[in-house]
Amino acid sequence: MKTAAESAVENRYAGYRANGLWTDDRIGDLLPSQAARYPDKELFCFEGRRVTYREFEGWTAAVAADLIRRGIRPGDRVLVQLSNCLEALVLQVAAFRIGAIDVPIVPIYREHELRRILADCRPAAIAVAAEVSSRRPAEEIDALLGELGQEPRAKYVVGGNRDGWDQVTAARPEDVELPEPLPADEPALLLYTSGTTSAPKGALLSSQALFAHMRNFRDALEAGEHTVTLAATPLSHLGGFIAGVIFPAFLGGRSVIMRGWQPDEAVTLIEQERVNLMMGATLFVADLVERYERGLSAGHRLSTYACAGAAIPGALVDRAAGVGISVVRAYGMTETAGVCAIAAAGDPLARRRDWDGRVLSGMEIQAVDDERRVLPPGTSGELRIRGPQLLSGYTDPDLNTQQFDDEGWFYPGDVGRVDTSGWVQMTGRSKDIINRGGEKFSTMDIEIAIASHPDIDSVAITAYPDARLGEAVGAWLVLKSDVTWNGPEYLIAHLEHAKLARQKIPTQWHVVREIPRSVTGKIQKHRLAELDDINS
């Protein structure tokens, strides 16, 4: 006999299916089915190269077959850490095709982060670049694999050569039959996201969750075959991958993909390609608004910008409206397969300026008190989320225990409120992370790295406002008694040596006599700004 809790779960799931958010659609079938429907239609343009649905489907099928030939099987993990390039898209979609789990890793991660990710996911296949600036990612990965005792069955290198690594093929091996993609309710995507712990958290997302998000996102934005999306964020980030290929393919639309963010180039591409939708963090739309205000484009301009991942000032929303861009604020995260609340372009400007959107269909967001009791509408408290877009769980069972309750509510660590109309407004974070231009970093991770230097007695890391990135990294240091401060250069070198992602390295440094703590010893970060810098 089912318990009341089990019956409640079944009823909730039945509701997701009844309203069409959950189906048997598999993400691995998306490209083949859409290529059959739109074979000669352009799927995306990348640096002048135009790729049709049929062309992209053929390449992904070839890479999928090559993965099978090398021994990759359903359920295996395929790790892809590449800057924006066609191979970054092909490899991820190929993993879906054969029922493998796609594991995209943002390019900024170096050995410090990758060591933990490799240990957690144990990939059967890896794809990285031969060179990135002064780095040699394939060489770095080889060293880490040796250290961890791992031997992936397939290793691909892009943009160069290295012994033991192969090139991504465009020719399909003969006599290789592709297996079925994973069922819709099984995890197909593994994403690593920062949190309050120093190690990145592995979040597992199913086809059901991904399709539920795309259906909701499409309806909220009134998107369709006419939609042209500009993708400028990393394709190994959920937002970039969705914008670059998955969402356009789902719509039967097309995308324009940039190798990296270049605002002047973006203005030109938007005009030439008639782009009408872009999504991402605050800094992209801020750059566009500044250029439109200077009259950089007299022709077609971006019409809708979905802003999530970083706080956006109300004044910027107003300025965007002044140059013809409807900014729609949104609230979401990796764990909800994207946004779970979003405004519409036609909503009143005051709403779009001050609120983070309406809760999407099937999703539930509540504000609760310290005892997890639901608060009255409009009252600020800890936010909790439930619905068809939610992750299947984390790779770390302890995190599942910590962030889920017995009723299926997920607690992301955000603080905010929900009004009677279902509008959400995030007001802060209870988890201690920094959101730098949409990339989220654990402050603990940075604190541990700095504290490992022998000159440091104690350290606290906080965010500080940054006009372009939303937040930047600030460090508050107490030095050992015999140490003289001569600037942060040697600590920056220390963090470089530790291979910390460069975006995590503080850009503001304060040396103080003491870091304030509570009676239990917890650092009181809200008091740091009150301290005098002893070297100023």
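Each remark here, short or long, concerns the structure printed above.
This report concerns the structure included in the present document. (Residues numbered from 1 in each chain as written. Predicted model: local features only at pLDDT ≥ 70, side-chain atom pairs only at ≥ 80, totals over all residues. Heavy atoms only, no water.)

Glancing now at the pairing of strand E17 (residues 381-386). Buried residues dominate E17, accounting for 5 of its 6 residues. Where strand E16 (residues 364-368) meets E17, 5 bridges bridge the pair, whose relative direction is antiparallel. When the bridges of E17 are listed, Ile365 appears paired with Ile385. Of the pairings in the sheet, the one linking E17 to strand E19 (residues 414-418) comprises 2 bridges and is antiparallel in character. Across the sheet, the residue bridging to Gly381 is Gly416, located in E19. (Buried < 20%, exposed > 50% of the residue type's maximum accessible area, 1.4 Å probe, protein only. Helix = DSSP H or I, 4+ residues; strand = E, 2+ residues; numbered from the N terminus. Pairing = 2+ DSSP bridges.)

A few words on the nonpolar core. By size, the foremost hydrophobic cluster in this structure holds 98 residues, and its most contacted members are Phe56, Phe247 and Ile342. Ranked by the residues each element gives to this core, the list is headed by helix H8 (residues 238-251), at 10 residues. Those residues in contact with Phe247, other than ones at most four positions away along the chain, are Met214, Phe217, Arg218, Ala223, Ile242, Leu277 and Met279. Core analysis: the second largest hydrophobic core is formed by 45 residues, Ala138, Leu144, Ile461 and Leu495 among them. (Core = buried A, V, L, I, M, F, W, Y, C linked by side-chain atoms within 4.5 Å. Contact = heavy atoms within 4.5 Å.)

Taken in spatial order, the 3 strands line up as E23-E24-E25 in an open sheet, and their pairing is mixed. One side of each edge strand has no neighbouring strand; the edge strands of this open sheet are strand E23 (456-466) and strand E25 (508-511). Put simply, the sheet's adjacent strands are angled 25° from each other on average, direction ignored. In this sheet, E25 lies alongside strand E24 (residues 470-479) in parallel orientation, the contact comprising 4 bridges. Its bridge partner being in E25, Trp476 is matched across the sheet by His510. Sitting on the sheet, helix H14 (residues 443-451) touches E23, E24 and E25, and the angle it makes with E23 is about 140°. Set on the sheet, helix H15 (residues 489-497) makes contact with E23, E24 and E25; between it and E25 the angle comes to about 120°. (Axes fitted to C-alpha atoms, helices over the stretch in contact; angles between N-to-C directions.)

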